[in-house]
Amino acid sequence: MRKEIQLPLTKEQAKTLKAGDMCFATGVLYTARDAAHKRMYDSLLNGEEIPISLEETALYYLGPTPAREGNVIGSAGPTTASRMDKYTPLLLGKGVSAVIGKGKRNEEVHRAIKEHGAVYFAAIGGAGALLSKCIKKAEVIAYDDLGTEAIRRLEVEQLPVVVIIDTMGNDYYEMVEKE
Amino acid sequence: MIREIDVKLLTEEISKLCIQATHFLSQDMVDAFQKAYEKERKPLAKEILSQLQENLSIAGEDMIPICQDTGMAVIFMEVGQDVHFVGGDLYEAINKGVAKGYTEGYLRKSVVEDPLLRVNTKDNTPAVIHYSVVPGDQVKITLAPKGFGSENMSKVYMLKPADGKEGVVNSILDAISAAGPNACPPLVIGAGLGGDFELAAKMAKHALTLPVEYHSPKEHIAEIEREVFEKANQLNIGPAGLGGDTTVLAVHIESFPTHIAGMPLAVNMCCHVNRHASVVI
Ligand code: SF4
């Protein structure tokens, strides 16, 4: 099914999404990939503050190319989500309601998604030029020293994403494999 | 006759290749997308293929890299044996070209200085460079920016001679299944068969630079390429891993003589953003 969704995604809205739904997302999300995940994770374990609130937050696993003059951002597609598997259950436990990447997740992530009523979406890998057109505003807000891996606040319009793991723990990749 | 080539020329050419390869795919790849689009039967898969085609046009028209992972620069240098490089250090000149291309071309700097310490080198150097010496007085440079979503799903199998053709086919298919949606399908598969451990891997990487329609001149190897192509496209992984008839766009196998006791097979995965550009100097 095709659906319009708002980011940040409320846990209420998350429940209405089913594995395989094609969604067009509008609103605010934050980029974080390997290095930013590790830093947030280490800080949380040490009881330190982290630079963004995770309550009903959407994270996009993205490290963009630099923007040319006049552009909001450079190429901006998803990176492989499984590298974030180690960190994801903790972040979901702290309130993250939506994560966007590409590729399969491990058992622990499946379990945490179900437990916390979150959603894992995939964006199309390797379509960074196209996806960049959906990004209307981008601003580095933390971990500036990480370069492309810094945390950016993005405002997006009609970003196409597919529900891979829904709040019930159904996995669309697995459903396709069984087809 | 020895021909002198100033290494500064290489710096310039390599910097241009970095920008070209990350914004434009070769025509055979563009054609392969169109062919796959026409053959694809699943509506969602067709839609994704058309978005990938649109992505390619936007990349070229607006000069936004096709993918945000603009890769680690892999460079094949085929150096004529009658060439003498002058004007500086060759290795430095090559890396200067990469730094220039990745900086001036607004490309992502994705290289870390040490595998464990992981501090970004900030200019995407160093490149991975493979040299070969060939007859003549020219230099052919092929630059292939390699993304790691797909690189991470690559594999080396030390097969036994008794595994035969079937072992080769099944191993490549296993690698494709394991890669699934992670490697950004539809994929291009580069395989290296024979040689030894590292030559197999190097052949696999080089195989990714071959034209889509090219097939091994050895008929029994070309047959494996066709068989893997057919069977992989029945795996229903599909574009973006969401199902469909288009799991691979091309399969290339390079081969080399090997030892009586072994049959190394390397499978280098490449996403649909199979980038490479060449220049002859
Ligand atoms: S695997 Fe290829 S298409 Fe996917 S993110 Fe990496 S470079 Fe881009």
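Our structure is the block above this text.
Along each chain, residues carry numbers from 1 onward, in the same order as the chain's sequence is written. As they are written, the chains are lettered A onward and the ligands numbered 1 onward, keeping that order. Reporting of local features is limited, given that this is a predicted model, to residues whose pLDDT is at least 70; pairs of side-chain atoms are given and counted only at 80 or more, and all residues count toward the totals for whole chains, interfaces and linings. As a rule here, side-chain values come from all non-hydrogen atoms in the structure, and water together with hydrogens is ignored.

Peer 1: So what about the overall build of chain B? Which residues, and what values?
Peer 2: Helix and strand counts for chain B come out as eight helices and 10 strands. Put simply, the radius of gyration uses C-alpha atoms, and a globule should come to 2.2 Å times the residue count raised to 0.38. On C-alpha atoms alone, chain B measures out to a radius of gyration of 19 Å, which is about the 19 Å that the 2.2 N^0.38 rule sets for 281 residues. Based on the C-alpha atoms only, the size of chain B along its principal axes is roughly 55 × 50 × 40 Å. Per-residue burial over chain B gives 57% buried out of 281 residues. Note on contacts: a residue pair qualifies if any of its non-hydrogen atoms lie within 4.5 Å across the two residues. At a minimum sequence separation of 6, the contacts of chain B that also span at least 24 residues come to 81%. Calculation of accessible area relied on Shrake-Rupley with a 1.4 Å probe; when residues are assessed, cover is drawn exclusively from the protein chains displayed. With an accessible surface of roughly 12000 Å², chain B has 58% of that area assigned to carbon and sulfur atoms. Mean positive and mean negative side-chain charge positions of chain B (25 and 36 charges, respectively) differ by 3 Å. Secondary structure elements follow DSSP: runs of H or I of four or more residues count as helices, runs of E of two or more count as strands, with numbering from the N terminus. Buried means the residue's accessible area, taken with a 1.4 Å probe over protein chains only, is under 20% of the maximum for its type, while exposed means over 50%, and partly exposed covers the values in between. Under the convention used here, Asp and Glu are negative, Lys and Arg are positive, and both His and the chain ends fall outside the count. All charge positions are set by atom: Lys at NZ, Arg at CZ, Asp at CG, Glu at CD.

Peer 1: Go over the pairing of strand β7 (residues 151-165) of chain A, please, and point to the residues and values.
Peer 2: All names here are of chain A. Burial analysis of β7 places 11 of its 15 residues in the buried class, the great majority of the element. Pairing of strand β2 (residues 22-31) with β7, which is carried by eight bridges, proceeds in the antiparallel orientation. Along β7, the bridge assignment pairs Tyr30 with Arg153. Inspection of the sheet shows strand β5 (residues 119-122) paired to β7 by three bridges, in the antiparallel sense. Strands are labelled as partners when DSSP assigns at least two bridges between them.

Peer 1: Help me get a handle on the packing of helix α6 (residues 164-179) of chain B against helix α8 (residues 219-232) of chain B, residues and values and all.
Peer 2: Residues and elements named next belong to chain B. Geometry is summarised by axes, namely lines fitted to C-alpha atoms with helices restricted to the contacting stretch, and by angles between N-to-C directions that run from 0 to 180 degrees. At their nearest, the axes of α6 and α8 sit 10 Å apart, and the two run at 40° to each other. Taken together, α6 and α8 sit at an angle that is classed as oblique. In this structure, the crossing between α6 and α8 has a hand that is right-handed. Contacts between α6 and α8 pair Lys165, Val168, Val169, Ile172, Leu173 and Ile176 from the former with Glu223, Ile224, Glu227, Val228, Lys231 and Ala232 from the latter. In what follows, roughly perpendicular refers to angles from 65 to 115 degrees, roughly parallel to angles under 35, roughly antiparallel to angles over 145, and oblique to any angle outside these ranges. Here is the rule for handedness: rotate from the far helix to the near one, and if that takes an anticlockwise turn smaller than a right angle the crossing is left-handed, while a clockwise turn gives right-handed.

Peer 1: Before we move on, can you summarise the site of the ligand with the specific residues and values?
Peer 2: If a single non-hydrogen atom of a residue is within 4 Å of a molecule or strand, that residue counts as near it. The local shell around the ligand holds 13 residues, among which Gly126 of chain A together with Cys67, Cys184, Cys271 and Arg275 of chain B are the closest. Ten residues, namely Ala, Val, Leu, Ile, Met, Phe, Trp, Tyr, Cys and Pro, are considered nonpolar, four, namely Asp, Glu, Lys and Arg, are considered charged, and the remaining ones, Gly among them, are considered polar. For the shell around the ligand, the residue count by class is five nonpolar, five polar and three charged.

So, to be careful, I would describe these as geometric facts and stop short of saying anything about function.
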